[in-house]
Amino acid sequence: MSFNLNNLIRDNLKGLQAYSSARDEYVSDGSQMVFLDANENPFENGVNRYPDPQQRSLKTILAKQRGLDSDQILLGNGSDEVLDLLFRAFCEPAKDVVISLPPTYGMYKVLAGINDIENLEVPLTSGFEPDTDAIKTAITETTKIIFLCSPNNPTGNSLSMEKIKELLTSFHGLVVIDEAYIDFSSNVSWVEQLNAYPNLVVTQTLSKAYGMAGIRLGVCYGAKDVISILNKIKPPYNVNELTQKRAMERVLDTKGVRAEVQIILEERKKLITALNRIAFVVKVYPTDANFVLVKVDNADRRYKDLIKKGIVVRNRTNQPGCEDCLRFTIGTPEENKVLLNTLEQL
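Let me begin by describing the structure that accompanies this report. (Residues numbered from 1 in each chain as written. Predicted model: local features only at pLDDT ≥ 70, side-chain atom pairs only at ≥ 80, totals over all residues. Heavy atoms only, no water.)

### Here we look at the packing of helix H10 (residues 254–275) against helix H12 (residues 333–345)
Axis separation between H10 and H12 bottoms out at 11 Å; the angle between their running directions is 10°. Comparing the axis directions of H10 and H12 gives the class roughly parallel. Residue-level inspection shows Ile263, Glu267, Leu271, Ala274 and Leu275 of H10 in contact with H12, the latter providing Pro333, Asn336, Leu339, Leu340 and Leu343. (Axes fitted to C-alpha atoms, helices over the stretch in contact; angles between N-to-C directions. Helix = DSSP H or I, 4+ residues; strand = E, 2+ residues; numbered from the N terminus. Parallel < 35°, antiparallel > 145°, perpendicular 65-115°, else oblique. Contact = heavy atoms within 4.5 Å.)

Below you can see the structure in the form of structure tokens.
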């Protein structure tokens, strides 16, 4: 594979100078200073100052934990902003193409539509694996990005490492691996392979295992030159001060996060065992995530039955390959007991 990042960057961005904010031009070293540079309200209340536009403290922690350099990391207002920046940096509207593999995370298709990019869908196989032959056949000179969700949503399975490597070595564009659920998998993160593949981009989030969906913090790991392009076009203060502070507290609490993940994994195992005993459950699919995809006799009916009982699950029956499937997120032990008792009653 011949990979040249310069061939992917939109022409109008190649000479673009990123906006330089007051907090870019003067970076505090912790000294007591009088800040009269950013037209802020001077009265201290904890959030009257602009946040660090490069989130240096948080990136330093993440870089150390992942064995990377800070300039291999971009932070965003949730993973969705990170994904949107990838479209805006590397895909020319009304010209370029991305590939997604349904059933998968729906925002790839939505963001493609917002950015006027063709989203070519190459369905996963019946075993929910990438059809690499079909993907390679679909690739053209205008194909810029392949989106892979692993572990995949809504199916829960991790995609074959061999098939992902095949795409990384044969594709001239970016391979973006969405690892929102990686903390629930026994597989190692593709972050460890960043230096081996210049076209590899990995996205993660604090919304799942870290339990911080409300603060909206997404992470992008990639080659330094890829991250540099994304930094050019991101809003200057896209991650607010409160989010940065809460995120730093949480990512440093590795013991607490691991403990919660372990409970979820134990509950996942119990739930799968119990679901297989429910009369109207047809199949429980293997999962590496904090949810399980379950084929039932009639997904629309069972979804409504559960709503009436005060339980909200996700009906995925309209997704390719997911006919009559419900997706159950792993709740607390108490919530899972309520779910199982209700299913047994139904």
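### Notes on the environment of Asp305
Within the fold, Asp305 resides in helix H11 (residues 299–308). Along the primary structure Asp305 and Leu343 are separated by 38 residues, whereas in three dimensions their C-alpha atoms are 9.2 Å apart.

### Quick notes on the packing of aromatic side chains
A complete count under the given rule lists 7 aromatic pairs for this structure. Through successive ring pairs, a cluster of aromatic residues spans Phe87, Tyr105, Tyr108 and Phe147. Its end group placed over the ring of Phe280, Arg302 keeps NZ or CZ at 3.9 Å from the ring centre. Seen from the ring of Phe291, Arg327 lies directly overhead, with NZ or CZ sitting 5.5 Å from the centre. (Phe/Tyr/Trp six-rings, centres within 6.5 Å; stacked < 30°, edge-to-face > 60°. Lys NZ or Arg CZ within 6 Å of the ring centre and 35° of its normal.)

### Section: the nonpolar core
Core analysis: the biggest nonpolar cluster contains 73 residues, and Leu148, Leu217 and Tyr221 have the highest contact counts within it. Per element, the largest residue contribution to this core is 6 residues, and it comes from H10. Counting 32 residues, the second-largest nonpolar core is a separate cluster that includes Phe3, Leu85, Val98 and Tyr108. (Core = buried A, V, L, I, M, F, W, Y, C linked by side-chain atoms within 4.5 Å. Buried < 20%, exposed > 50% of the residue type's maximum accessible area, 1.4 Å probe, protein only.)

### Details of the pairing of strand E7 (residues 218–221)
Residues Gly218 and Cys220 point to one face of E7 and Val219 and Tyr221 to the other, with burial holding for every one of them. Bridge count between strand E6 (residues 200–205) and E7: 4 bridges; the pairing is antiparallel. Residue pairing in the sheet places Thr203 in a bridge with Cys220 of E7. (Pairing = 2+ DSSP bridges.)

### Let's talk about the state of the cysteines
This model, assessed by the stated rule, comprises 0 disulfides. Here Cys149 stays unpaired: no disulfide links it, and the sulfur of Cys322, its closest cysteine neighbor, is 12 Å away. Cys322 forms no disulfide, and the closest cysteine sulfur to it belongs to Cys325, at a distance of 5.2 Å. Given the relative accessible area of 0%, Cys322 is considered buried. (Disulfide = S-S within 2.5 Å.)

### Structural notes on the sheet that holds strand E10 (residues 314–315)
Strand pairing within a sheet occurs via backbone hydrogen bonds; the two strands may be parallel or antiparallel. If you trace the 4 strands from one edge of the open sheet to the other, you get E8-E9-E11-E10, paired in antiparallel fashion. Strand pairing shows two members of the sheet lacking a second neighbour, strand E8 (281–284) and E10, which therefore form its edges. Across 5 bridges, the pairing between strand E9 (residues 291–296) and strand E11 (residues 325–329) is antiparallel. Counterpart to Phe291 in the pairing with E11 is Thr329. Its contacts with the sheet place H11 against E9, E10 and E11, and it is angled at close to 35° to E11.

### Some words on the sheet that holds strand E1 (residues 73–76)
Ordered in space as E1-E7-E6-E5-E4-E2-E3, the 7 strands form an open sheet in which the pairing is mixed. Strand pairing shows two members of the sheet lacking a second neighbour, E1 and strand E3 (118–121), which therefore form its edges. Ignoring strand direction, the axes of neighbouring strands in this sheet form an average angle of 25°. Taken together, the 4 bridges between strand E5 (residues 174–178) and E6 define a ladder with parallel strand orientation. Each residue of the ladder has a partner; that of Ile177, found in E6, is Val202. Packing of helix H7 (residues 161–170) onto the sheet brings it into contact with strand E4 (143–149), E5 and E6, and relative to E5 it is tilted by some 150°. The strands touched by helix H8 (residues 224–233) are E1, E5, E6 and E7; relative to E1, the strand with the most contacts, the crossing angle is about 35°.

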